[in-house]
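Okay, here's what each chain looks like letter by letter:
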Amino acid sequence: MPFRRAVRVLVTAALTVWASVVPTSRMAAAAEAPTGNSAVVFAYDRFGEDQNPSLSIRLDQFESHLDELTDGDYEVLPLPKILEALRTGKPLPDRAVAITIDEASRSAYAEAWPRLKAAGLPFTLFVATDAVDRGSPAHMTWSEIRQMAAAGVTIGGLGGSTQSLVPRTAAEVAAELRRMSDRFQAELGQRPTIFAYPQGEYSLAVRKLVAEQGFVAAFGQQSGVLHAQADPFGLPRFLMNETYGSVDRFQLAANALPLPVSDLTPDDPLLTVNPPPLGFTIGDSVGDSSKLACFAAGQGRTALERISDDRVEVRIKDAFPPGRARVNCTLPAPDGRWRWLGVQFLIPE
């Protein structure tokens, strides 16, 4: 569906240099990002597995997404090309999009890949190696992953297991990352350079370990848009599943623009204070920020307090329950588009 009609429906090696020059804390995430130098990344997991609605997307939903991407005003690019453009400052086309798939499930091979090939769309597969090594019937084989790689699919790492790295010790995390990387080398002839945090979860400690293992970029599952000043080890993706996979939401996300902020607090997603004292400074490039709105998981729209012209603090009323929690902030942009900032928190038991 072309974007103008979608608006009416909605009524609304070189990458390492980049990683080395961007500060390592989420507090340094971003000042200003031009409209034409950003990209949206989508995250999928399983396809047509009705028994796993939180992980899977219905095939008719996925096909509607592909129809939107092929019929609309989008440019679907390989993820490494987008990362390189952001690192070097090379302009990206407006509405640049990348597709990623986590876990290397059997349905990703049997259902998603044929549809993506038919549509001529590149994508990245993030592989968790343990299930593949076990020969799990719910996952691909190494032979099938090599087949994808030979066809031009970008292969990234998702750890050994698909379990969160956050509760583990530093030694355990480092060992799992090395084990995964060694399996890539043995089966694919190269080590992964792009990483996706299992379940989208990371802390500052996990982030540091991933950077030290030689990865050049890492992705969570918080909503948001890539831009040149974003933390390369805390990059956002819009998660698509059966519950949140409507074509309307897909269109809204595919047309999103970055909401660049700096001095984000708290800087660690793993909370020690709950509710968190969330605050950030908004870049001048966004224009009028008076229409900013933020929404906390399970609590709806939150109160905002202006500390200065560009400093905002989000007053989250209630403590989040243990597990994952998100805050999404949006700001209207021209042509019916929205600027988007997503923050994910992890709340210990």
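Predicted, not measured: the structure shown is a model, and the values here were computed from it. (Residues numbered from 1 in each chain as written. Predicted model: local features only at pLDDT ≥ 70, side-chain atom pairs only at ≥ 80, totals over all residues. Heavy atoms only, no water.)

Attention shifts here to helix 5 (residues 106-119). Look at helix 5: 20 Å from first C-alpha to last across 14 residues, which is about the 20 Å you get at 1.5 Å a residue. Along helix 5, the largest kink reaches about 40° and is centred on Ala112; proline Pro114 follows within four residues of it. Looking at helix 5, one finds that the buried residues are Ser107, Ala108, Tyr109, Ala112, Trp113 and Leu116. Remark: Gly120 follows helix 5 within two positions and exhibits a positive phi of approximately 70°. (Helix = DSSP H or I, 4+ residues; strand = E, 2+ residues; numbered from the N terminus. Expected span 1.5 Å × (residues − 1). Bend = angle between axes of the 7 residues up to and from the residue. Buried < 20%, exposed > 50% of the residue type's maximum accessible area, 1.4 Å probe, protein only.)

Size it by volume and the second largest cavity reaches roughly 50 Å³. If you go around the second largest cavity, you meet 12 residues; those closest to its centre are Ser38, Arg95, Ala96, Ala256 and Arg337. By residue number, the principal contributor to the lining of the second largest cavity is strand 1 (residues 38-44), which donates 3 residues. (1 Å grid on protein atoms, 1.4 Å probe; cavity = no way out; pocket = protein on both sides within 12 Å on 5 of 7 lines; lining within 4 Å. Points joined across faces, edges and corners; volume = space filled by probe spheres on them.)

What follows is about the confidence of the model for the protein chain. Per-residue pLDDT for the protein chain has a mean of 90; in total, 90% of the residues score no lower than 70. Across residues 1-35, confidence stays below pLDDT 50; counting only partners more than four residues off in sequence or on other chains, it has 99 contacts. (pLDDT = per-residue confidence, 0-100. Contact = heavy atoms within 4.5 Å.)

Tracing the backbone through its elements, the reader meets Val153 in the loop between helix 7 (142-150) and strand 7 (154-157). Taking relative accessible area as the criterion, Val153 reaches 10% and is therefore assigned buried. Setting aside chain neighbours within four positions, we find Val153 in contact with Trp113, Phe123, Leu125 and Met148.

Of all hydrophobic cores here, the largest spans 54 residues; its most connected members are Phe42, Tyr44 and Leu125. At 5 residues, helix 5 tops the list of elements feeding residues into this core. The contact partners of Phe42, leaving out residues within four places of it in the chain, are Val97, Ala98, Ile99, Thr100, Phe238, Met240, Phe250, Ala253 and Ala254. Leu259, Leu264, Cys294 and Phe320 belong to the second largest nonpolar core, which has 23 residues in total. (Core = buried A, V, L, I, M, F, W, Y, C linked by side-chain atoms within 4.5 Å.)

All right, on to the sheet that holds strand 13 (residues 261-265) then. Pairing within the open sheet is antiparallel, and its 4 strands lie in the order 13-14-18-17. One side of each edge strand has no neighbouring strand; the edge strands of this open sheet are strand 13 and strand 17 (303-306). Between one strand axis and the next, the sheet turns by 25° as a mean value, whatever way the strands run. Summarising the sheet, strand 14 (residues 278-282) and strand 18 (residues 311-315) pair through 4 bridges and their orientation is antiparallel. Looking at strand 18, one finds that Gly279 is bridged to Glu313. (Pairing = 2+ DSSP bridges. Axes fitted to C-alpha atoms, helices over the stretch in contact; angles between N-to-C directions.)

Let us now look at the packing of helix 3 (residues 59-71) against helix 5. Angle between the axes and distance between the axes: these two values describe a pair of packed helices. Two elements in contact, helix 3 and helix 5, have axes separated by 11 Å at closest approach and are oriented at 20°. Between helix 3 and helix 5, the crossing angle belongs to the class labelled roughly parallel. Considering only the axes of helix 3 and helix 5, their crossing is right-handed. Contacts from Leu59, Phe62, Glu63, Leu66 and Thr70 of helix 3 reach helix 5 at Glu111, Ala112, Arg115, Leu116 and Ala119. Of the residues contributing to the contact of helix 3 with helix 5, the split by class is 6 nonpolar, 1 polar and 3 charged. (Parallel < 35°, antiparallel > 145°, perpendicular 65-115°, else oblique. Left-handed = near helix turned anticlockwise from the far one by under 90°. Nonpolar A, V, L, I, M, F, W, Y, C, P; charged D, E, K, R; others polar.)

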